[in-house]
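The lines below spell out each chain.
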Amino acid sequence: MANLIKLRKGLDINLEGIAIETKTCVGKCAEYALQPDDFTGLVPKVVVREGDHVKAGDALFVDKNCPEVRFASPVSGEVTAVVRGDRRKVLCVKVKADAEQEYAEFGKKDVAALSGDEVKKSLLDAGLFGYINQLPYAIATKPDTTPKAIFVSALRDMPLAGRFEYELQGNEEAFQAGLTALSKIAKTNLGIGLLQSNEVLHKAKDVDIYVFDGRCPAGNVGVQVNHIDPVNKGEVVWTVDPTAVIFFGRLFLTGHVDLTRTVAVAGSEVSNPAYVDTLVGTPLSTLLEGRLAKNEHVRIINGNPLTGRKDSLEGFLGAHTSEVCVIPEGDDNHEMLGWIMPRTKHFSVNRSYLSWLMPSKRYVLDARVKGGERHMIMSGEYDKVLPMDIYPEYLIKAIITGDIDRQEQLGIYEVSPEDFALAEFVDSSKLELQKIVREGLNTLRKENA
């Protein structure tokens, strides 16, 4: 029987442009790209050259500090470019897709008969192991770590997030195979939402099921870890995106790497927001072709509006991205008397507008910060939207001041940047909390190396 966990803190932000549950087709793409920045903590070393031919599943780059961790090409074709940025940083590896796809053969396997080490080896050989993250540090994990547990959250509740239940349709067998494979490595916990009615989620085998009843960010895997089995210093847990679980299951069932995922194309500036089946690394220009309500004064987000990254039509679908959103930039918006005017079309957490009288109303929010960075105010704002057993404001202050001992006492090993996305949204001090947390985690990892 599933365990029920109720969360009282959080905030749901209802935005216009949520994807309706229909799938639309996208044309074939000439070129795909895999981006090392999608795998936090990775130091990439490219193992192909321009002109090389690769199969789907062949490695494009590896982790320089752990070469057995490879990252698979989503398609077969010719490597057309290794794009580098400042100081020769690898930005992406581009592959021109073949008309007929070829797949590297890894062999079908019965996951029920595999050991944990065999599961690890299969994922490493196929270039999929890098899709597993870890706490502490919220980075791509290494195969030599020993997790005390593995966590999978099938609940997506960020604004405009794609529903995993819809993506799961047709992938039920692969999802269960992936869960069984992970359970061979360590105890595996599956977090789902109270309103998720899919039987495959409620009756998943080889995992412990936890049902979360609460507002966003109940779907954050870090929040779920905090309530199920918190991370202490010296401990490691693995976290896996539910789509990656499907990738793993397909590998064992078919013997091939198939990085096809269902992505929500959403946002108030998208015409007919819906879902598409596409590959990791698909050009955003292809996903958004004919869908933009306008081409100017819009922000394209690779991910959801709170945790995604700003991108452009020249970008590519991220490895962990389940939605592509387009919202107004706001740079062409000029409001008389600014925030002081009474309005009903604006969303406010603090009841500054009459919108609090309409809790089910959907809003068109733009990308403006609406204010500049200022001194941090200890007002309890973060605590109201972060359902974790930590003191978030004190933790942020400890990170800013570089007090590592204090950070450890306040629970930095349990958090990831996305856990502070809502706190950043409501923050009256306009601090970039996710960036602050990421820098703090990076510093801590270097100190403990």
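For the structure itself, look to the data block above.
The paragraphs below set out a description of the structure included in this document. (Residues numbered from 1 in each chain as written. Predicted model: local features only at pLDDT ≥ 70, side-chain atom pairs only at ≥ 80, totals over all residues. Heavy atoms only, no water.)

Here we come to the packing of helix H3 (residues 172–183) against helix H6 (residues 242–254). The axes of two packed helices give the description: the angle between them and the distance between them. Contact pair H3 / H6: the axes reach a minimum separation of 7 Å and the direction vectors enclose 90 degrees. Overall, the two elements H3 and H6 adopt an arrangement that is roughly perpendicular. Contacts between H3 and H6 involve Glu173, Ala174, Phe175, Ala177, Gly178, Leu179, Ala181 and Leu182 on the former and, on the latter, Pro242, Val245, Ile246, Phe248, Gly249, Arg250, Phe252 and Leu253. Looking at the contact of H3 with H6 residue by residue, the classes come out as twelve nonpolar, two polar and two charged. (Axes fitted to C-alpha atoms, helices over the stretch in contact; angles between N-to-C directions. Helix = DSSP H or I, 4+ residues; strand = E, 2+ residues; numbered from the N terminus. Parallel < 35°, antiparallel > 145°, perpendicular 65-115°, else oblique. Contact = heavy atoms within 4.5 Å. Nonpolar A, V, L, I, M, F, W, Y, C, P; charged D, E, K, R; others polar.)

Moving on: the sheet that holds strand E2 (residues 23–24). Spatially, the six strands line up as an open sheet ordered E2-E17-E16-E20-E18-E19, and their pairing is mixed. At either end of the open sheet lies a strand with only one pairing partner, and these are E2 and strand E19 (309–311). As judged from the six bridges shared by strand E16 (residues 260–266) and strand E17 (residues 274–279), these two strands associate in the antiparallel manner. Considered in E17, the bridge of Ala264 is made with Tyr275. (Pairing = 2+ DSSP bridges.)

With an omega dihedral of 10 degrees, the bond running from Leu135 to Pro136 counts as a cis peptide bond. Take Pro136: it is sitting in the loop between strand E10 (132–135) and strand E11 (139–140). Residue Pro217 is reached from Cys216 by a cis peptide bond, and omega for that bond is 15 degrees. Checked against the element boundaries, Pro217 lands in the loop between strand E14 (208–213) and helix H5 (221–228). The phi dihedral of Tyr137 is positive, around 85 degrees, even though this residue is not glycine. Relative to the helices and strands, Tyr137 is located in the loop between E10 and E11. In this structure, Ala138 takes a positive phi of about 55 degrees despite not being glycine.

Let us look at a nonpolar patch on the surface. There is a patch of nonpolar side chains on the surface, built from Leu354, Trp356, Leu357 and Met358 and spanning about 380 Å² of accessible area. Turning to its location among the elements, Met358 is positioned in the loop between strand E20 (323–328) and helix H8 (381–385). (Patch = residues over 30% accessible without salt bridge, like charges linked within 9 Å, V, L, I, M, F, W, Y side chains within 5 Å. Areas by Shrake-Rupley, 256 points an atom, 1.4 Å probe, with all protein chains shown as cover. Salt bridge = Lys/Arg side-chain N within 4 Å of Asp/Glu carboxyl O.)

Moving on: the sheet that holds strand E6 (residues 59–63). Taken in spatial order, the three strands line up as E4-E6-E7 in an open sheet, and their pairing is antiparallel. The open sheet is flanked by strand E4 (44–46) and strand E7 (66–72), the only strands paired with a single partner. Within the sheet, the average angular offset between the axes of one strand and its neighbour, ignoring direction, is 35 degrees. Sheet topology note: the E6/E7 ladder contains four bridges and is antiparallel. Note that in E7 the partner of Asp63 across the bridge is Cys66.

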